[in-house]
Amino acid sequence: MQPSRARLFKEYKEVQREKVADPDIQLVCDDTNIFKWTALIKGPSETPYEGGVFQLAFAVPEPYPLQPPQVRFLTKIFHPNVHFKTGEICLDILKNAWSPAWTLQSVCRAIIALMAHPEPDSPLNCDSGNLLRSGDVRGFNSMARMYTRLAAMPKKG
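Residues numbered from 1 in each chain as written. Predicted model: local features only at pLDDT ≥ 70, side-chain atom pairs only at ≥ 80, totals over all residues. Heavy atoms only, no water.

The protein chain goes by E2 ubiquitin-conjugating enzyme in an unreviewed UniProt entry, where it is assigned to Thlaspi arvense. Of the protein chain, the UniProt comment under Sequence similarities (unreviewed entry) reads exactly: "Belongs to the ubiquitin-conjugating enzyme family." (UniProt positions renumbered as here; feature names shortened; annotations may be inferred.)

Structure representation (structure tokens):
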């Protein structure tokens, strides 16, 4: 068995054990392809994303864990470090700061932390980055909350 498959099977078993331990993250492996995963993450409390559930798509490369997975938001989110159209995420651990010590679960944790602490100086979404850089936190929060309500919260009725 390839090392990447063995590692992913190990992570799969850990995810099954941790389902109750981490209520903010629900990681699911594709039934037919161990290299494709999705995750549902809860928006962090005391942020404009609170109450939202955001879906992520993981494409794990063959050399994993030596190379990082490709991760993107499937749920629309207004955030400076997430491309609004593609869902691409600008996060150092998914690029040049990757380490094989990271797991898919810990990547989800890092993305939740990024949601709570945006980095407006390296924006993929310039509109949200500009709001934060210009000090318009209220404007940013209101846009982020609106998109969270529209895209990440269950529809009532």
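Moving on from the coordinates now.
Draft legend 1. Layout of the overall build of the protein chain. For the protein chain, the count of helices and strands is four helices and four strands. Its C-alpha atoms give the protein chain a radius of gyration of 16 Å, within 12% of the compact-globule value 15 Å for 157 residues. Over its C-alpha atoms, taken along the principal directions, the protein chain stretches across nearly 50 × 40 × 25 Å. The contacts in the protein chain between residues at least 6 apart in sequence include a share of 56% that link residues at least 24 apart. A total of about 8800 Å² of accessible surface is found on the protein chain, and carbon and sulfur atoms cover 54% of it. Charged side chains in the protein chain number 19 positive and 16 negative. The centres of these two groups are separated by 5 Å. (Helix = DSSP H or I, 4+ residues; strand = E, 2+ residues; numbered from the N terminus. Rg over C-alpha atoms; globule rule 2.2 N^0.38 Å. Contact = heavy atoms within 4.5 Å. Areas by Shrake-Rupley, 256 points an atom, 1.4 Å probe, with all protein chains shown as cover. Lys, Arg positive; Asp, Glu negative; His and termini not counted. Charge placed at Lys NZ, Arg CZ, Asp CG, Glu CD.)

Draft legend 2. Structural context of unusual backbone geometry. Looking along the chain, the bond that leaves Tyr64 and enters Pro65 is cis, with omega of 10 degrees. Tracing the chain through its elements places Pro65 in the loop between β3 (53–59) and β4 (70–73). Even without being a glycine, Glu46 presents a positive backbone phi close to 60 degrees. For Glu46, the location among the structural elements is in the loop between β2 (36–42) and β3.

Draft legend 3. Spotlight on the side chain of Thr148. Mapped onto the elements of the fold, Thr148 is located in helix α4 (residues 137–152). Apart from the residues lying within four places of it in its own chain, the contact partners of Thr148 are Pro48, Tyr49, Glu50, Gly52, Phe54 and Met153.

Draft legend 4. View of the environment of Gly135. In this fold, Gly135 is placed in the loop between α3 (126–133) and α4. When the C-alpha positions of Gly135 and Tyr12 are compared, they lie 42 Å apart, and in sequence the two are 123 residues distant.

Draft legend 5. Expanded view of the UniProt feature "active site" (unreviewed entry) in the protein chain. According to UniProt, the "active site" (unreviewed entry) feature falls on Cys90. Relative to the assigned elements, Cys90 resides in the loop between β4 and α2 (104–116). Among all residues touching Cys90, those that are not within four sequence positions of it are Asn81, Leu114, Ser122 and Leu124.

Draft legend 6. Region of the structure containing the environment of Ser122. The residue Ser122 is located in the loop between α2 and α3 in this model. Along the backbone, Ser122 and Pro80 are 42 residues apart, and their C-alpha atoms lie at a distance of 7.6 Å. Once residues within four sequence positions are removed from consideration, Ser122 is found in contact with Pro80, Asn81 and Cys90.

Draft legend 7. A look at the nonpolar core. Residues Trp37, Ile41, Leu56, Phe58, Phe73 and Ile89 are the most contacted members of the largest nonpolar core, which totals 38 residues. Sort the elements by how many residues they give to this core and α2 lands first, with eight residues. Beyond its immediate stretch of four places on either side in the chain, Ile41 contacts Asp24, Ile25, Gly52, Val53, Phe54, Leu56, Phe73, Cys108, Ile111, Ile112 and Met115. (Core = buried A, V, L, I, M, F, W, Y, C linked by side-chain atoms within 4.5 Å. Buried < 20%, exposed > 50% of the residue type's maximum accessible area, 1.4 Å probe, protein only.)

Draft legend 8. Expanded view of the packing of aromatic side chains. All chains considered together, the criterion is met by seven aromatic pairs. Measuring from centroid to centroid gives 6.3 Å for Tyr12 and Trp37, while their planes differ by 65 degrees, and the two rings are edge-to-face. Of this pair, Tyr12 sits in helix α1 (residues 3–18) while Trp37 sits in strand β2; the two residues are 25 residues apart in sequence, bridging distant segments of the chain. Taking relative accessible area as the criterion, Tyr12 reaches 35% and is therefore assigned partly exposed. For Trp37, a relative accessible area of 2% gives the class buried. When the ring of Phe78 is compared with that of Tyr147, the centres are 6.0 Å apart and the planes differ by 15 degrees; the resulting orientation is stacked. Placement of the pair is Phe78 in the loop between β4 and α2 and Tyr147 in helix α4, with a sequence separation of 69 residues. Each residue in the set Phe78, Phe84, Phe140 and Tyr147 is aromatic and connected to the rest through ring pairs, giving one cluster. If you follow Lys76 out to its NZ or CZ, it ends over the ring of Phe84, 5.1 Å from the centre. (Phe/Tyr/Trp six-rings, centres within 6.5 Å; stacked < 30°, edge-to-face > 60°. Lys NZ or Arg CZ within 6 Å of the ring centre and 35° of its normal.)

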